[in-house]
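Residue-level structure breakdown
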Amino acid sequence: MVCPHLDYRDSDGEQAFDHERPYCEVQAAFVSPMEADLCRDRHQFHHETHCAVYQRYHAADELVPGLDLENGD
């Protein structure tokens, strides 16, 4: 299952791109293709268990061990 917060955009609002780029709606930022692999659950990743951003957004009590919300991890 693809992360519901992953989107692909062909512009940043000011500049058009020659191809769509992965965008994380939670972070309100474009992400690298490698990060998008995690969002798309590729290579045995699962965004629900491997993505700290997804976990922080959905379930504060199930965060990645050692994740510190105070310093912006």
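For the structure itself, consult the block above.
This one's a predicted model, so the numbers in the text were calculated from it and none came from an experiment. (Residues numbered from 1 in each chain as written. Predicted model: local features only at pLDDT ≥ 70, side-chain atom pairs only at ≥ 80, totals over all residues. Heavy atoms only, no water.)

**Notes on the pattern of salt bridges**
Per the counting criterion, the structure on display carries two salt bridges. The salt bridge involving Arg 9 is made with Asp 7; its shortest N-O contact spans 3.1 Å. Exposure remark for Arg 9: the relative accessible area of 28% places this residue in the partly exposed category. Relative accessible area serves as the criterion here: at 27%, Asp 7 is assigned to the partly exposed category. The closest approach of N and O atoms between Asp 37 and Arg 42, which form a salt bridge, is 3.0 Å. (Salt bridge = Lys/Arg side-chain N within 4 Å of Asp/Glu carboxyl O. Buried < 20%, exposed > 50% of the residue type's maximum accessible area, 1.4 Å probe, protein only.)

**Here's the deal with unusual backbone geometry**
With a phi angle near 55 degrees, His 43 is a residue other than glycine that sits in the positive phi range. A relative accessible area of 56% means that His 43 is categorised as exposed. Positive phi values are uncommon outside glycine, yet Gln 44 reaches one of about 65 degrees. By the element assignment, Gln 44 lies in the loop between α1 (33–39) and α2 (47–50). Note on Gln 44: relative accessible area 73%, which makes it exposed. (Helix = DSSP H or I, 4+ residues; strand = E, 2+ residues; numbered from the N terminus.)

**Concerning the packing of aromatic side chains**
On inspection of all chains with the given rule, the structure shows two aromatic pairs. Through a chain of ring-to-ring contacts, the aromatic side chains of Phe 17, Tyr 23 and Phe 30 assemble into a single cluster. Its end group placed over the ring of Tyr 23, Arg 9 keeps NZ or CZ at 3.6 Å from the ring centre. A cation sits over an aromatic face here: Arg 21 above Phe 17, 3.9 Å from the ring centre. (Phe/Tyr/Trp six-rings, centres within 6.5 Å; stacked < 30°, edge-to-face > 60°. Lys NZ or Arg CZ within 6 Å of the ring centre and 35° of its normal.)

**Thoughts on the side chain of Asp 37**
Relative to the elements of secondary structure, Asp 37 occurs in helix α1. Leave out the neighbours within four places in its chain, and Asp 37 touches Arg 42 and His 43. (Contact = heavy atoms within 4.5 Å.)

**Observations regarding the nonpolar core**
One finds Cys 3, Leu 6, Cys 24, Val 31, Leu 38, Cys 39, Cys 51, Val 53 and Tyr 54 forming the largest nonpolar core, which totals nine residues. Looking at this core, the elements with two or more residues in it are α1 and α3 (52–58). In contact with Cys 39, other than residues within four places in its own chain, are Met 1, Val 2, Cys 3, Leu 6 and His 47. (Core = buried A, V, L, I, M, F, W, Y, C linked by side-chain atoms within 4.5 Å.)

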